[in-house]
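Topology and contacts: notes
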Amino acid sequence: MISQKYGWPRISTGDIFREAAEAGDERGLMIKARIDRGLLVDDHIVISLVKARIEREDCQHGYIWDGFPRTINQAEESLKWCKEGDQQLAFFIDITDQAILQRLTARRTCHECHSVFNGHNREYPKDGLCPKCRIPLIQRDDDKKEVISKRLEVYHSTTEPLLRYYKGMEYFYKVDGSGDPDTLFKKICDIIEAA
Ligand SMILES: [Zn+2]
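Note that the structure is a prediction, hence the values are computed from the model and not measured.

We now examine the overall build of the chain. Per the secondary structure count, the chain includes 9 helices and 6 strands. Over its C-alpha atoms, taken along the principal directions, the chain stretches across nearly 50 × 40 × 35 Å. In the chain, which comprises 195 residues, the share counted as buried stands at 11%. Intrachain contacts of the chain at a sequence separation of at least 6 include 65% that bridge at least 24 residues.

Rendered as structure tokens:
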């Protein structure tokens with residue numbers, strides 16, 4: 001929604017990893033093995049993939065990172081990519097583990113066009129098929145309960161230090177993510193527009 005409103009491409013590390021994994025080369029296989037087990041991909045791989053992505057033409061007037069940076073090392077590296085006059089905002093969407101687990105295990109994906117649907121939503125296709133590709137929606141391996149529990153565990157040990165790192169930054173915002181998506185969207189837009 002934010003990407004559409006402001007015209008900034010959304011760069012999801014999850015999408016970048018899946019794209020790299022599909023290449024099927026040695027690096028791709030390694031990435032797949034990590035994400036299927038709920039583990040973090042090595043810092044230097046994440047950094048080089050994200051950096052290559054923001055150098056593309058569509059990122060010249062801004063972009064949104066989703067799922068990056070995940071470690072302090074990634075955060076510090078990404079600061080070096082900022083050009084003079086660039087403005088940065090960092091958001092932390094605060095939701096409980098229970099809510100994350102509920103949300104992610106309900107997620108179904110089309111393996112053809114990568115559209116994502118939430119099984120709890122009214123818009124979820126009643127026939128269980130992707131409206132565009134007409135093939136069954138599936139649960140990705142990394143959205144299964146065991147894997148998400150592992151992801152949460154990794155998250156608490158690796159990403160929480162990052163939160164402490166960002167806390168002192170004036171461009172850091174912690175936003176309550178427990179409400180509905182529209183409320184969250186509005187809160188974020190208000191911060192962007194005030195910045
Ligand atoms: Zn599809």
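Attention shifts here to the domain arrangement of the chain. Where interface size is given, it is often the accessible area lost as the parts come together that is meant. Taken domain by domain, the chain comprises domain 1 (1–84) and domain 2 (89–195). Between the C-alpha centres of domain 1 and domain 2 there is a distance of 16 Å. The interface of domain 1 with domain 2 comprises 14 residues on the first partner and 15 residues on the second. If you list the elements that add at least two residues to the side of domain 1 that touches domain 2, you get α1 (2–6), α3 (26–36) and α5 (72–79).

Core analysis: the largest hydrophobic core is formed by 10 residues, namely Ile11, Ile16, Phe17, Ala21, Ile31, Ile35, Val41, Val46, Val50 and Phe68. Counting only elements with at least two residues in this core, the list comes to α2 (13–22), α3 and α4 (43–54). Here the element with the most residues in this core is α2; it accounts for 3 residues. Setting aside anything within four residues of it in sequence, one finds Ile16 in contact with Leu49, Val50 and Arg53.

In a pair of packed helices, the angle between the axes and the distance between the axes together describe the arrangement. Closest axis-to-axis distance for the helix α6 (residues 97–105)/helix α7 (residues 145–158) pair is 10 Å, and the angle between their directions is 145°. As α6 runs across α7, the sense of the crossing is right-handed. Residues Asp97, Ile100, Leu101, Leu104 and Thr105 of α6 pack against Lys145, Ile148 and Leu152 of α7. For the contact of α6 with α7, the per-class residue count stands at 5 nonpolar, 1 polar and 2 charged.

What follows is about unusual backbone geometry. The step from Phe68 to Pro69 runs through a cis peptide bond, and the omega angle for that step is -10°. With respect to the element layout, Pro69 can be found in the loop between β2 (64–66) and α5. Positive phi outside glycine occurs at His114, with the angle close to 65°. Position of His114 relative to the elements: it lies in the loop between β4 (107–109) and β5 (116–118). Residue classification places His114 among the partly exposed positions, given that 13 C-beta atoms sit within 10 Å. Although it is not a glycine, Arg134 sits at a positive phi angle of roughly 55°. With respect to the helices and strands, the residue Arg134 is situated in the loop between β5 and α7. What makes Arg134 exposed here is the crowd of 11 C-beta atoms within 10 Å.

Once that is clear, we can look at the environment of Val116. By secondary structure assignment, the location of Val116 is in strand β5. For Val116, a count of 12 C-beta atoms within 10 Å gives the class exposed. Distance from Val116 to Gln87, taken between C-alpha atoms, is 30 Å for residues 29 residues apart in sequence. Residue contacts for Val116: discarding those within four places in its chain leaves Arg107 and Thr109.

Let us now look at α4. Here α4 contains 12 residues, and its C-alpha end-to-end distance of 17 Å stays within 8% of the 16 Å for a straight helix at 1.5 Å per residue. Among all positions of α4, only Val46, Val50 and Arg53 are buried. Axial view of α4: buried residues confined to an arc of 55°, hence all on one face. For α4, the exposed residues lying more than 90 degrees away from the buried face are His44 and Ala52. Where α4 is buried, its residues meet β1 (10–12), α2 and α5.

Criteria and thresholds
- Residues numbered from 1 in each chain as written.
- Predicted model: local features only at pLDDT ≥ 70, side-chain atom pairs only at ≥ 80, totals over all residues.
- Helix = DSSP H or I, 4+ residues; strand = E, 2+ residues; numbered from the N terminus.
- Buried ≥ 20, exposed ≤ 12 C-beta atoms within 10 Å, placed from the backbone.
- Contact = placed C-beta atoms within 7 Å.
- Domains from an automatic or database assignment.
- Core = buried A, V, L, I, M, F, W, Y, C linked by C-beta atoms within 7 Å.
- Axes fitted to C-alpha atoms, helices over the stretch in contact; angles between N-to-C directions.
- Left-handed = near helix turned anticlockwise from the far one by under 90°.
- Nonpolar A, V, L, I, M, F, W, Y, C, P; charged D, E, K, R; others polar.
- Expected span 1.5 Å × (residues − 1).
- Arc of directions from axis to C-beta.

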